[in-house]
Amino acid sequence: MLDFKGYLYALLFVIVLHILDRYLPKWFGAIPGTVYLLFILYKMFTQGFTLPMFVVLIGGEVILNGIWFEATESRNKKAQKELEKMKAKDISDKPL
């Protein structure tokens, strides 16, 4: 049961992070990845370098940075759509 709670907390964290990345400034997405990197490196130096800890480091960074890049990409697509709408409106408002 304890493992299920851990997965549930991780899933909740990923969902909250995904939502925050969409609405907060672009640089916010770098904070969780940096904090995670520093935390895992600290754990690796204090408990010793092990292969599972290295896999957790790489996997976590891939997930956190993937969320950040996806949110940034989505934000850029939304801005591009808005720009295209504005250009279409400008073209349609021009007198002949």
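All of these numbers come straight from a predicted model, not from anything done at the bench. (Residues numbered from 1 in each chain as written. Predicted model: local features only at pLDDT ≥ 70, side-chain atom pairs only at ≥ 80, totals over all residues. Heavy atoms only, no water.)

As for the overall build of the chain
Phase 1 of the analysis: Tallying secondary structure elements over the chain gives three helices and zero strands in all.
Phase 2 of the analysis: Ordered by position from N to C terminus, the α and β elements of the chain give α-α-α.
Phase 3 of the analysis: In terms of overall size, the chain is more extended than a compact globule, its C-alpha atoms giving a radius of gyration of 20 Å where 96 residues would be expected to give roughly 12 Å.
Phase 4 of the analysis: Along the three orthogonal principal directions, the C-alpha set of the chain runs to about 75 × 30 × 20 Å.
Phase 5 of the analysis: Of all 96 residues assigned to the chain, the portion counted as buried reaches 16%. (Helix = DSSP H or I, 4+ residues; strand = E, 2+ residues; numbered from the N terminus. Rg over C-alpha atoms; globule rule 2.2 N^0.38 Å. Buried < 20%, exposed > 50% of the residue type's maximum accessible area, 1.4 Å probe, protein only.)

Description of the packing of aromatic side chains
Phase 1 of the analysis: Summed over the entire model, instances satisfying the criterion amount to two aromatic pairs.
Phase 2 of the analysis: For the pair Trp 68 and Phe 69, a centre-to-centre distance of 5.5 Å together with 15 degrees between the ring planes defines the contact as stacked. (Phe/Tyr/Trp six-rings, centres within 6.5 Å; stacked < 30°, edge-to-face > 60°.)

Comments concerning helix H2 (residues 30-47)
Along an α-helix, a turn takes 3.6 residues, which lines up residues three or four apart on a common side.
Phase 1 of the analysis: An ideal rise of 1.5 Å per residue puts 26 Å on 18 residues; H2 measures up with 26 Å between its terminal C-alpha atoms.
Phase 2 of the analysis: Immediately beyond the C-terminal end of H2, within one or two residues, lies Gly 48, with a positive phi of roughly 100 degrees. (Expected span 1.5 Å × (residues − 1).)

Comments concerning the packing of H2 against helix H3 (residues 51-93)
Phase 1 of the analysis: Following both chains from N to C, one finds H2 and H3 inclined at 175 degrees, their axes separated by 9 Å at the closest point. As summarised for this structure, H2 and H3 are arranged roughly antiparallel, according to the angle between their axes. In this structure, H2 uses Ala 30, Pro 32, Gly 33, Tyr 36, Leu 37, Ile 40, Leu 41, Lys 43, Met 44 and Gln 47 to contact H3, whose residues at the interface are Met 53, Phe 54, Val 56, Leu 57, Gly 60, Glu 61, Leu 64 and Trp 68.
Phase 2 of the analysis: Residue composition of the contact of H2 with H3, grouped by class: 13 nonpolar, three polar and two charged. (Axes fitted to C-alpha atoms, helices over the stretch in contact; angles between N-to-C directions. Parallel < 35°, antiparallel > 145°, perpendicular 65-115°, else oblique. Contact = heavy atoms within 4.5 Å. Nonpolar A, V, L, I, M, F, W, Y, C, P; charged D, E, K, R; others polar.)

Brief notes about a nonpolar patch on the surface
Phase 1 of the analysis: A cluster of nonpolar side chains, contributed by Phe 4, Leu 8, Leu 11, Ile 15, Ile 19 and Tyr 23, occupies part of the molecular surface with about 660 Å² of accessible area.
Phase 2 of the analysis: Mapped onto the elements of the fold, Tyr 23 is located in helix H1 (residues 2-23). (Patch = residues over 30% accessible without salt bridge, like charges linked within 9 Å, V, L, I, M, F, W, Y side chains within 5 Å. Areas by Shrake-Rupley, 256 points an atom, 1.4 Å probe, with all protein chains shown as cover. Salt bridge = Lys/Arg side-chain N within 4 Å of Asp/Glu carboxyl O.)

Things to note about the side chain of Asp 21
Phase 1 of the analysis: Summarising the element assignment, Asp 21 is placed in helix H1.
Phase 2 of the analysis: The side chain of Asp 21 is buried and forms no salt bridge, while Arg 75, the nearest opposite charge, is found at 6.4 Å.
Phase 3 of the analysis: Setting aside chain neighbours within four positions, we find Asp 21 in contact with Phe 28, Gly 29, Ile 67, Trp 68, Ala 71 and Arg 75. (Lys, Arg positive; Asp, Glu negative; His and termini not counted.)

Here we look at H3
Phase 1 of the analysis: Given a rise of 1.5 Å per residue, 43 residues ought to cover 63 Å, and the 63 Å separating the end C-alpha atoms of H3 matches this to within 8%.
Phase 2 of the analysis: Those residues of H3 that sit buried are Met 53, Leu 57, Gly 60, Glu 61, Leu 64, Ile 67 and Ala 71.

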